[in-house]
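These are the residues of each chain, in order.
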Amino acid sequence: MRILVTGAAGFLGSHLTDALLADGHSVLGVDNLCTGSLRNLDHLRNEPRFEFREHDICLPFDFGKVEYVFNFASPASPQDYSRLGIETLAVGSDGTRNALDVAHKYQAGFLHASTSECYGDPAVHPQTEDYWGNVNPIGPRSVYDEAKRFSEALVMAYHRYRKVDTRLVRIFNTYGPRLQANDGRVISNFVVQALQGQDLTVYGDGSQTRSFCYVSDEIDGILRLSRSDQHLPVNIGNPNEWTILECAKTVLRITGSSSKIIFSPLPVDDPMQRKPDITRARKFLGWEPKIDLETGLKLSLEYFRETLPLRAGLAEK
Ligand code: UDP
């Protein structure tokens, strides 16, 4: 198949591209590089089955016939979407619509990268797909949360009214190599801080929880969903729940770092708890994650070590 991946230069988009190429497909990667990096695609420079177009999907596009569309373009870390608020709203609305129009035109399958942020600061725990969420529509996270919720509505509308063969994955916190070392997310911050001997910055008292999925598990779940006939949202995430303080201590243990833990203010509307109910993924996709947090952190260390000299270089400039 010739497959379109929007957001191909991002963390998940680039891993997805690799997995699709490994399955024998051709991939057309599209990205405007507002948060993604060509470094994530460097190793594909001589791959004839991969082509890349630098393009903002908020503008209509048509790069020829494709048989499947994976819509992964969006700023995704709280730091990035806060900086790029309007762009985040635009890619979740105009961008998703343009990607859906491509799928409609070529009668291609469509999978949209949605998020656990659709549940907001959830009052139901763990989160099942039929929970409608608890989202502040005007708070600092709303540019991301409401963009993704609007995208879900658009995807379902294209499915219902235009018969596009759509799927929705709700992605929970995912980590691994190619997570940007400086995008402010908790795993990248803690690992980089630990490796550099800096204090680990726990926001709030660290009692808020997250459930971390290693990237290869996440991609496996996404590919299984793409081959399924599930049109309703499916949670793909690791149900092992950690407090952020436990996470910090685990990073210290795995890295052998003697860094200290310090506490800083909790960001506004930071969800207090998050854990996927993956019954649907288990039942319909035969999927569950295999890699626990400690193993996944060990698998990620080499990548983060390699990024340190780069960060030092950037700091000098
Ligand atoms: N967090 C933290 N220290 C950091 C970065 C994040 O304590 O240096 C916390 C953050 O407040 C949140 C959790 O870790 O409770 C996960 O944050 P992240 O930005 O990775 O993603 P989120 O799940 O909030 O979208």
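Description of the structure in this document. (Residues numbered from 1 in each chain as written. Predicted model: local features only at pLDDT ≥ 70, side-chain atom pairs only at ≥ 80, totals over all residues. Heavy atoms only, no water.)

1. Let's talk about the site of the ligand
We apply this condition: The rule for a residue being near a molecule or strand is that one of its heavy atoms must lie within 4 Å of it. Contacts described as polar in this section are N or O atom pairs within 3.5 Å, which, within protein, must combine one atom able to donate a hydrogen with one able to accept it, while residues neighboring in sequence count only if both atoms come from side chains. Reported accessibility uses the Shrake-Rupley method at a 1.4 Å probe radius. Residues are deemed covered only where the shown protein chains occlude them. The helix and strand labels rest on DSSP assignments: H or I over at least four residues marks a helix, E over at least two residues marks a strand, and numbering proceeds from the N terminus.
Taken together, 18 residues are adjacent to the ligand, and Thr-201, Tyr-203, Arg-210, Asp-270 and Arg-274 come closest. Note that an oxygen atom of the ligand is positioned 2.9 Å from one of the side-chain N or O atoms of Arg-141. In the complex, the protein chains occlude 95% of the 520 Å² of accessible area that the ligand would expose alone. Those elements giving two or more residues to the shell around the ligand turn out to be helix H5 (186-195) and strand E8 (200-203).

2. Describing the environment of Asn-182
Relative to the assigned elements, Asn-182 resides in the loop between strand E7 (174-175) and H5. Residues Asn-182 and Ala-194, spaced 12 residues apart in sequence, show a C-alpha to C-alpha distance of 14 Å.

3. Looking at the packing of helix H1 (residues 11-22) against helix H6 (residues 215-226)
Basically, it comes down to this: To get an axis, a line is fitted to the C-alpha atoms, and for a helix only the part in contact is used. The angle between two axes follows their N-to-C directions and goes from 0 to 180 degrees. Two helices cross in a left-handed way if the nearer one is turned anticlockwise from the farther one by less than a right angle. They cross in a right-handed way if the turn is clockwise. Between two residues, a contact is recorded if the distance between any of their heavy atoms is within 4.5 Å. Asp, Glu, Lys and Arg are counted as charged, while Ala, Val, Leu, Ile, Met, Phe, Trp, Tyr, Cys and Pro are counted as nonpolar; the rest, among them Gly, fall into the polar class.
At a closest axis distance of 10 Å, the pairing of H1 and H6 adopts a crossing angle of 65 degrees. Between H1 and H6 lies a crossing of right-handed hand. The residues of H6 that touch H1, namely those facing Phe-11, Leu-12, His-15, Leu-16, Ala-19 and Leu-20, are Val-215, Glu-218, Ile-219, Ile-222 and Leu-223. In terms of residue class, the contact of H1 with H6 is made up of nine nonpolar, one polar and one charged.

4. Regarding the side chain of Thr-115
Take Thr-115: it is sitting in strand E5 (residues 109-115). A distance of 2.8 Å separates a polar side-chain atom of Thr-115 from the backbone nitrogen of Glu-117. Other than its neighbours up to four places away in sequence, Thr-115 contacts Tyr-144, Lys-148, Val-169, Arg-170 and Ile-171.

5. Quick word on the environment of Ala-9
Defined as follows: Buried means the residue's accessible area, taken with a 1.4 Å probe over protein chains only, is under 20% of the maximum for its type, while exposed means over 50%, and partly exposed covers the values in between.
Following the sequence through the fold, Ala-9 ends up in the loop between strand E1 (2-6) and H1. Relative accessible area serves as the criterion here: at 0%, Ala-9 is assigned to the buried category. Taking the C-alpha atoms as reference points, Ala-9 and Leu-41, separated by 32 residues in sequence, lie 6.3 Å from one another. Residues within four places of Ala-9 in sequence aside, it is in contact with Asp-31, Leu-33, Gly-36, Ser-37, Asn-40 and Leu-41.

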